[in-house]
Every structure is written in C-alpha cells, then in structure tokens.
Amino acid sequence: MKMLLLTLGLTLICGLHALKNNIEDPKKITGEWFTVVLASNVTSKIEEGGSLELFVKSLSEHDGILSGEFLKRENGKCIPVSLTAFTGEDGEMHFTYDGFNDFSAQSMDSEHLIFIMYNTKDGEVTVWGELYGREKTLPEEIKKKFEKICERFGIRKDQIRDVSNDDRCQKLR
Ligand SMILES: *[C@@H]1O[C@H](CO)[C@@H](O)[C@H](O)[C@H]1NC(C)=O
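Notes on the structure in this doc start here. (Residues numbered from 1 in each chain as written. Predicted model: local features only at pLDDT ≥ 70, side-chain atom pairs only at ≥ 80, totals over all residues. Heavy atoms only, no water.)

## Things to note about the overall build of the protein chain
Alright, step 1. When helices and strands are tallied, the protein chain shows 2 helices and 11 strands.
Alright, step 2. Taking all 173 residues of the protein chain together, 42% fall into the buried category.
Alright, step 3. Of all intrachain contacts in the protein chain linking residues separated by at least 6 positions in sequence, the fraction that spans at least 24 positions is 53%.
Alright, step 4. For the protein chain, the accessible surface area stands at approximately 9900 Å², while carbon and sulfur atoms represent 53% of it. (Helix = DSSP H or I, 4+ residues; strand = E, 2+ residues; numbered from the N terminus. Buried < 20%, exposed > 50% of the residue type's maximum accessible area, 1.4 Å probe, protein only. Contact = heavy atoms within 4.5 Å. Areas by Shrake-Rupley, 256 points an atom, 1.4 Å probe, with all protein chains shown as cover.)

This is the structure we're talking about:
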C-alpha cells in the first residue's frame, strides 16, 4: 500500500513538474490572444502562406491539458486549426502540426506570452517563435524581449516578422 501511494505520489509530482517547468499555471494563459510577432530560422515558413505562419485565436486548458484555436492561410484562404498539446515521457510539451513540435513558454505576464518551438519534419529541424499579445499589438520593450529570446535560440533579427499591421485572418475571429 505504501509503495503504491509512493508510486502514485511520484507520478503526480512528475506529471505536474513537466507542465510546471514550462507553464506555471495554464489557467493564466487561457483566453483570447493575438499573434503579434513571428520568427523562424527558416523565414519562408513564417512568410505569408508559409506552413508555420500560424495565428493564435485562443488558448484553453482542461485537466492540465493545453489546447488552442489557430488560424492559418492555405491556398490564399484562411482556415481554422485546432491543436492540443501533450506531455511526452521526457516531460516536455509537444504538439503535432506540420510534423512534430516541442515547445516551451519562455516569458509571460498578463499582456504577453512567448513560445519557442522546435519543429521536426522529414528529419529537418526548424526553430520558430511566436509572441502573443492580449491586444492586437504590444509595446516595443516586449518586442525587444522577444528578439533577445529569439537570438538565444539561434533566430536572427532579420528572421523576425512583426505582423501587428498585417491581416491575421481577422475575419475568422
Ligand atoms: C534551424 O535551427 C535548428 C535548431 O537549432 C537547426 O537544427 C537547423 O539546422 C537550422 N536551420 C537553418 C536553415 O539554419
């Protein structure tokens, strides 16, 4: 009985720890968001119509599982995309989209959220980042913070795309 409880306890701790590593309280990041800046070391993927040009609409959480509603362009048309994250045996968070993605939140507060992701498709790894805002745009200092984080992950300044003045498939919101 003691052993069982211990195992159960450890499983719980480990399960929570994985999520905690990245996102302390998933409830804090639920609700409506806008993609304000996109970045990738393969810029063609975040350009208009690129596979990683993903615009967030909202995030939600259920029993510790994070999911989101997104918008993207396909053949010139905006379409909705739903994604659900899962925690792998490695304790990291992943989701399936245009291949396989590892992700983590690098910065967050009440007005912004920064995700860095590693996309693996056909054996090729692409690093990409998204800066989300609660509003359609964000102050310069937060954009600067995003630049710094991108740099740390090997994304250069000229590989960053500010979309705050672009059409982000707003019609579908
Ligand atoms: C992009 O970054 C990933 C991860 O660091 C790296 O494996 C890949 O070779 C890079 N791609 C390019 C085109 O620089």
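Picking up where we left off.
## Observations concerning the sheet that holds strand β5 (residues 77-84)
In sheet architecture, strand pairing relies on hydrogen bonds along the backbone and comes in two forms, parallel and antiparallel.
Alright, step 1. Strand order in the open sheet formed by 4 strands is β1-β3-β4-β5, with antiparallel pairing between adjacent strands. This sheet does not close on itself; its edge strands, each paired only once, are β1 (31-32) and β5.
Alright, step 2. The pairing of strand β3 (residues 55-62) with strand β4 (residues 65-74) spans 7 bridges and is classified as antiparallel. Counted as the bridge partner of Ser60 is Ser67 from β4. (Pairing = 2+ DSSP bridges.)

## Notes on the state of the cysteines
Alright, step 1. Considering all chains together, one arrives at 1 disulfide under this definition.
Alright, step 2. At a sulfur-sulfur separation of 2.1 Å, the disulfide partner of Cys78 is Cys169. Handedness here is read from the sign of the S-S torsion; for Cys78 and Cys169, about -75°, the answer is left-handed. Residue Cys78 is found in strand β5, and its partner Cys169 is found in the segment after β11 (160-162); the two are separated by 91 residues along the sequence. (Disulfide = S-S within 2.5 Å.)

## Some details on the pairing of strand β10 (residues 124-133)
Alright, step 1. For β10, a buried count of 8 out of 10 residues is recorded, marking the element as mostly surrounded by other parts of the structure.
Alright, step 2. Two strands pair when backbone bridges link them, and strand β2 (residues 34-40) and β10 are joined in this way by 6 bridges, in the antiparallel orientation. Residue Ala39 lies in a different strand from β10, and its bridge partner there is Gly129.
Alright, step 3. Taking the residues between adjacent antiparallel strands as the criterion, strand β9 (residues 112-121) and β10 are bridged by 2 residues, where Asp122 takes a positive phi near 50°.

## Description of the site of the ligand
Alright, step 1. Taken together, Asn41, Tyr118, Val125 and Val127 form the complete shell of residues around the ligand.
Alright, step 2. Asn41 is positioned with one of its side-chain polar atoms (N or O) 2.3 Å from an oxygen atom of the ligand.
Alright, step 3. Within the shell around the ligand, the residues separate by chemical class into 3 nonpolar, 1 polar and no charged. (Near = heavy atom within 4 Å. Polar contact = N/O pair within 3.5 Å; in protein donor to acceptor, adjacent residues only side chain to side chain. Nonpolar A, V, L, I, M, F, W, Y, C, P; charged D, E, K, R; others polar.)

## Some words on the sheet that holds strand β7 (residues 93-96)
Alright, step 1. With respect to topology, 7 strands assemble into an open sheet ordered β6-β7-β8-β9-β10-β2-β11, the strand pairing being antiparallel. Only two strands of the sheet have a single partner each, and these edge strands are β6 (86-87) and β11.
Alright, step 2. Relative to β7, β6 runs antiparallel, the two being bridged by 2 bridges. The residue bridging Phe86 from the neighbouring strand is His94, located in β7.

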